[in-house]
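The residues making up each chain are set out below.
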Amino acid sequence: SPSRGLGDVYKRQGPARARARSQAGRYPDALACLRALLPDGPARFYRGLSSTVLRDVPWNALSFCFFRILLKAAASVGLSGVSFDLACGTLGGAIAAVLLTPFDVAKTRLMTQADADGSTPYSGTFNTIARVAREEGAGALMAGVLPRVLYLAPLASIVYSVFDWVSAAILAAR
């Protein structure tokens, strides 16, 4: 299945952390953020890595599985073609994105956390999810679901459809 490897997730984590903290309004720009975070060492840039992995790896697996299940369901009623491939990819990506949004919320909280006194109120993915649900309600775990779906649904649609078309072409050429 076409998916990002763990190495890609790991490489994106540092820049993503600096960008998230800058966007959270804590620093005027990414360079100021880097200057503030560098004294704590490189490990500071990887806070939220486990949440990122727990979000991205299952998303890749689930969205591809949903895509395949939906393709089979469409084929069983005689529906096929480019538009159905794209629709199945979109729906599969959207379902997986919605299901894994709590991990995205946890990742964001872990990456951008710091109270005024410098303490870090969140520790670990599941602790963060439980704390957010307890203190803010379960609905808070779905923060940002719409932009996430709007980004990931078309991504899955394109990636999985192109993967299928290229795979079919390669197999036909054998």
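Everything numeric in this text was worked out from a predicted model, so none of it was measured.

## Focus: the overall build of the chain
In step 1: A count of helices and strands for the chain gives six helices and zero strands.
In step 2: Written out in order from the N terminus, the α and β elements of the chain read α-α-α-α-α-α.
In step 3: Counting only residues that meet the buried cut, the chain has 37% of its 174 residues in that class.
In step 4: In the form shown here, the chain has an accessible surface area of approximately 9,400 Å², with 67% of it arising from carbon and sulfur atoms.

## Regarding the nonpolar core
In step 1: Counting residues in hydrophobic clusters, the biggest one holds 24 residues, and the most contacted among them are Trp59, Phe67 and Tyr160.
In step 2: Of all the elements in the fold, those that place two or more residues in this core are helix 3 (49-76), helix 4 (82-112), helix 5 (125-136) and helix 6 (145-173).
In step 3: Counting residues per element, this core draws most heavily on helix 4, at nine residues.
In step 4: One finds Tyr27, Ala32, Cys33 and Leu37 within the second-largest nonpolar core, a separate group that totals five residues.

## With respect to the packing of helix 3 against helix 6
In step 1: Look at helix 3 against helix 6: their axes get within 11 Å of each other, and the N-to-C directions meet at 60 degrees. Comparing their axes, helix 6 and helix 3 come out oblique. Pair helix 3 / helix 6 crosses with right-handed handedness. Residues Arg55, Trp59, Asn60, Ser63, Phe64, Phe67, Arg68 and Leu71 of helix 3 pack against Arg148, Leu152, Leu155, Ala156, Tyr160, Ser161, Phe163 and Asp164 of helix 6.
In step 2: In terms of residue class, the contact of helix 3 with helix 6 is made up of nine nonpolar, three polar and four charged.

## A look at the pattern of salt bridges
In step 1: Evaluation of the coordinates by the stated rule reveals six salt bridges.
In step 2: A salt bridge links Asp164 to Arg68; its shortest N-O distance comes to 2.5 Å. With Asp164 in helix 6 and Arg68 in helix 3, this pair connects stretches of sequence that are 96 residues apart.
In step 3: Since its relative accessible area comes to 14%, Asp164 is described here as buried.
In step 4: Its relative accessible area of 30% is what places Arg68 among the partly exposed residues.
In step 5: Arg131 is the salt-bridge partner of Glu135, the closest N and O atoms lying 2.9 Å from each other. Of this pair, Glu135 and Arg131 both sit in helix 5, four residues apart, roughly one helical turn.
In step 6: Via salt bridges that share partners, Arg55, Asp56, Asp104 and Lys107 belong to a single interconnected network.

Definitions and cut-offs
Every chain is numbered on its own, with residues counted from 1 as its sequence reads. At least 70 in pLDDT is required for a residue's local features to be given in this predicted model, at least 80 for side-chain atom pairs to be given and counted, and no such filter applies to totals for whole chains, interfaces and linings, which use all residues. Excluded from the side-chain calculation are hydrogens and water; included are all heavy atoms of the structure. Strands here mean DSSP runs of E at least two residues long; helices mean DSSP runs of H or I at least four residues long; both are numbered from the N terminus. Here's how the labels work: a residue is buried when its accessible area is under 20% of the maximum for its type, exposed when over 50%, partly exposed in between, all with a 1.4 Å probe on protein chains only. To measure how exposed things are, a 1.4 Å probe is used in the Shrake-Rupley method; for residues, cover is taken only from the protein chains shown. Side-chain atoms within 4.5 Å are what join buried Ala, Val, Leu, Ile, Met, Phe, Trp, Tyr and Cys residues into a set we call a nonpolar core. Interaxial angle, 0 to 180 degrees, is taken between N-to-C directions of lines fitted to C-alpha atoms, where a helix line uses only the stretch in contact. An angle below 35 degrees is read as roughly parallel, one above 145 as roughly antiparallel, one from 65 to 115 as roughly perpendicular, and any other as oblique. For any helix crossing, the convention is left-handed if the near helix is rotated counterclockwise from the far helix by under a right angle, and right-handed if that rotation is clockwise. The criterion used for residue contact is that any of the two residues' heavy atoms lie within 4.5 Å. Throughout this entry, Asp, Glu, Lys and Arg are counted as charged residues, while Ala, Val, Leu, Ile, Met, Phe, Trp, Tyr, Cys and Pro are counted as nonpolar. The remaining residues, Gly among them, count as polar. For salt bridges, the criterion is a side-chain nitrogen of Lys or Arg within 4 Å of an Asp or Glu carboxyl oxygen.

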